[in-house]
Amino acid sequence: MCNLFLKQTIESECTAVCSQLGAGVSLPGVVAAKCGAQVILSDSAELPLCLENCRRTCEVNELPNVLVVGITWGEVSPDLLLLPPLDIILGSDVFYEPEDFENALVTSPSS
Ligand SMILES: C[S@@+](CC[C@H](N)C(=O)[O-])C[C@H]1O[C@@H](n2cnc3c(N)ncnc32)[C@H](O)[C@@H]1O
């Protein structure tokens, strides 16, 4: 992923629209945003502290344009439906509970 974003950044072509699911500390989303991508971080709408972590990560990394939204895997919410068409869906360390697989895939909108 880093190679893709860095290549596009060096070539001044990074215009990707990305959403990170289950973002937590949000490192992949931060890298993408620093490379120029339009990034939307999401974590469970039921875990406000995780969403606050995402916002804090954006603050300390000086990324005021990164959106943070509550999206719970498997739930079709207004925030999910309002996502713009996405080029890339980022996920890191999110596929470890088999019972979450289907919900996480349902929540990964195709563009
Ligand atoms: C192991 S952490 C990984 C966090 C981050 N992606 C990273 O690599 O550091 C899993 C993340 O998935 C989020 N998560 C767990 N269940 C979720 C659900 N049902 N809907 C959305 N996010 C969820 C957690 O809040 C947490 O931030």
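Residues numbered from 1 in each chain as written. Predicted model: local features only at pLDDT ≥ 70, side-chain atom pairs only at ≥ 80, totals over all residues.

Every one of the 13 residues lining the ligand counts as a neighbour, but Gly 22, Gly 24, Ser 44, Ser 92 and Asp 93 are closest to it. Classifying every residue of the shell around the ligand gives six nonpolar, five polar and two charged. (Near = placed C-beta within 6 Å. Nonpolar A, V, L, I, M, F, W, Y, C, P; charged D, E, K, R; others polar.)

This brings us to unusual backbone geometry. When glycine is set aside, most residues are seen to have a negative phi, and most peptide bonds are trans. The phi dihedral of Glu 62 falls on the positive side, at around 55°, and the residue is not glycine. Glu 62 gets classed as exposed once you count the C-beta atoms within 10 Å, which come to 8. One non-glycine residue, Asp 93, adopts positive backbone phi at about 60°. With respect to the helices and strands, Asp 93 occurs in the loop between β4 (88-91) and α5 (98-106). A count of 10 C-beta atoms within 10 Å places Asp 93 in the exposed class. (Buried ≥ 20, exposed ≤ 12 C-beta atoms within 10 Å, placed from the backbone. Helix = DSSP H or I, 4+ residues; strand = E, 2+ residues; numbered from the N terminus.)

Checked against the element boundaries, Gly 24 lands in the loop between β1 (17-21) and α2 (27-34). For Gly 24, a count of 18 C-beta atoms within 10 Å puts it in the partly exposed group. Each C-alpha atom of the pair Gly 24 and Ser 44 lies 9.3 Å from the other, and the pair is 20 residues apart in sequence. If sequence neighbours within four positions are ignored, Gly 24 has contacts with Asp 43, Cys 50 and Asn 53. (Contact = placed C-beta atoms within 7 Å.)

Ordered by their spatial adjacency, four strands build an open sheet running β3-β2-β1-β4, and the pairing between neighbours is parallel. Taken across any chain shown, the strands that pair with only one partner, and hence form the sheet edges, are β3 (67-70) and β4. With direction set aside, neighbouring strand axes in the sheet form an average angle of 25°. Inspection of the sheet shows strand β2 (residues 38-43) paired to β3 by four bridges, in the parallel sense. Residue pairing in the sheet places Ser 42 in a bridge with Val 69 of β3. (Pairing = 2+ DSSP bridges. Axes fitted to C-alpha atoms, helices over the stretch in contact; angles between N-to-C directions.)

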